[in-house]
Amino acid sequence: MGAPGSGKGTQGRLLSRHFQIPYLASGDLLRRAIEQQTALGTQVQSYVERGLYVPDHLMVPAVMAELEGMYRQDNGGVILDGFPRTREQAVALDAALAAARRAIQRVLHLFVPKDVLIARLASRWTCSHCGATYNVLTKPPGAEGICDLCGHSLFQRVDDQPDKVERRLSVDLEKAIAVGGYYHQQGLMCQIDGNRPAGEVTADLIAAVRDCQAVSTA
Ligand SMILES: [Zn+2]
């Protein structure tokens, strides 16, 4: 968990590589569905383009189908990013995981103060093709406006534009409090200070995952 601009996408991918566990970002899943014009893609396109929350009745089955595919590969787990985003999604996820004899083991929350998030988001640019993100201040692409990874053009997401950021953060915070409360009750929450150099944040996240792995195998 983490607000837009908290670094959770970057950190999630790093954790995935470190532990050799697949990484599933709901944002990537939606982008892919829209690009491939699947049934889900056409249903969610207008929400994503307007920066709105995709309704639970579309989001939950989409993520579950993807997770089932990952279970069949019988790996050691999945790192989820951007899902569940509402309390209803968290409840639905728990039910589906229980049916598959699985469970959430740890919820990592990257906390970053609001003024820092606003500054980060205003300088963020996203690849139109692969979804990679760049920061014109701290992580600029090699060539201006071009993705280092795939060569496609970069754009500023509508909801990263300064006037939209503040509203987006308050909506996000409201939902995050509900989801966080749900997992806190289950004793799964782990708060990580995300307003530090990326390497320190990664080290803390790795330690928190190790900690829960130790508990689950004890
Ligand atoms: Zn790209």
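All values derive from a computational prediction rather than experimental measurement. (Residues numbered from 1 in each chain as written. Predicted model: local features only at pLDDT ≥ 70, side-chain atom pairs only at ≥ 80, totals over all residues.)

Focus: the nonpolar core
Argument step 1. The biggest cluster of nonpolar side chains holds 20 residues, and the ones touching the most others in it are L108, V179, I192 and L205.
Argument step 2. The dominant element in this core, judged by the number of residues it contributes, is helix 7 (residues 162-185), at four residues.
Argument step 3. Sequence-distant contacts of I192, that is, excluding residues within four places in its chain, are made with L108, H109, L110, F111, V201, D204, L205 and A208.
Argument step 4. In this structure, A33, L40, V60 and A62 belong to the second largest nonpolar core, which totals 11 residues. (Core = buried A, V, L, I, M, F, W, Y, C linked by C-beta atoms within 7 Å. Buried ≥ 20, exposed ≤ 12 C-beta atoms within 10 Å, placed from the backbone. Helix = DSSP H or I, 4+ residues; strand = E, 2+ residues; numbered from the N terminus. Contact = placed C-beta atoms within 7 Å.)

Things to note about the environment of F155
Argument step 1. Tracing the chain through its elements places F155 in strand 6 (residues 154-155).
Argument step 2. Separated by 56 residues in the primary sequence, F155 and A99 have C-alpha atoms spaced 41 Å apart.
Argument step 3. Residues in contact with F155, not counting those within four places in the same chain, are W125, T126 and S128.

Structural notes on the sheet that holds strand 4 (residues 124-127)
The strands making up a sheet are joined through hydrogen bonds of the backbone, oriented either antiparallel or parallel.
Argument step 1. The strand order across the open sheet formed by three strands is 5-4-6, and the pairing between neighbours is antiparallel. The strands lining the two open edges of the sheet, one partner per strand, are strand 5 (133-135) and strand 6.
Argument step 2. Where strand 4 and strand 5 come together, three bridges link them in antiparallel fashion. Bridge assignment links T126 to a residue of strand 5, and that residue is T133. (Pairing = 2+ DSSP bridges.)

A closer look at helix 1 (residues 8-19)
Argument step 1. With 12 residues, helix 1 extends 16 Å between its outermost C-alpha atoms, agreeing within 8% with the 16 Å of an ideal straight helix rising 1.5 Å per residue.
Argument step 2. Those residues of helix 1 not exposed but buried are K8, G9, Q11, G12 and L15. Projected down its long axis, helix 1 shows its buried positions confined to an angular sector of 165 degrees, all on one face. Across from the buried face of helix 1, at angles greater than 90 degrees, the exposed residues are R17 and H18.
Argument step 3. Q20 lies just past helix 1 and shows a positive phi near 55 degrees. (Expected span 1.5 Å × (residues − 1). Arc of directions from axis to C-beta.)

Quick notes on unusual backbone geometry
Argument step 1. Residue P84 is reached from F83 by a cis peptide bond, and omega for that bond is -5 degrees.
Argument step 2. Within the chain, Q20 stands out as a residue other than glycine whose phi angle is a positive 55 degrees.
Argument step 3. In this fold, Q20 is placed in the loop between helix 1 and strand 1 (23-25).
Argument step 4. Of note in the backbone geometry, R101 takes a positive phi value of approximately 55 degrees without being a glycine.

Comments concerning the environment of A90
Argument step 1. By the element assignment, A90 lies in helix 5 (residues 87-99).
Argument step 2. Taking the C-alpha atoms as reference, A90 lies 6.9 Å from V179; in sequence the two are 89 residues apart.
Argument step 3. Each residue touching A90, except ones within four places of it in the same chain, is listed here: P84, V179 and Y182.

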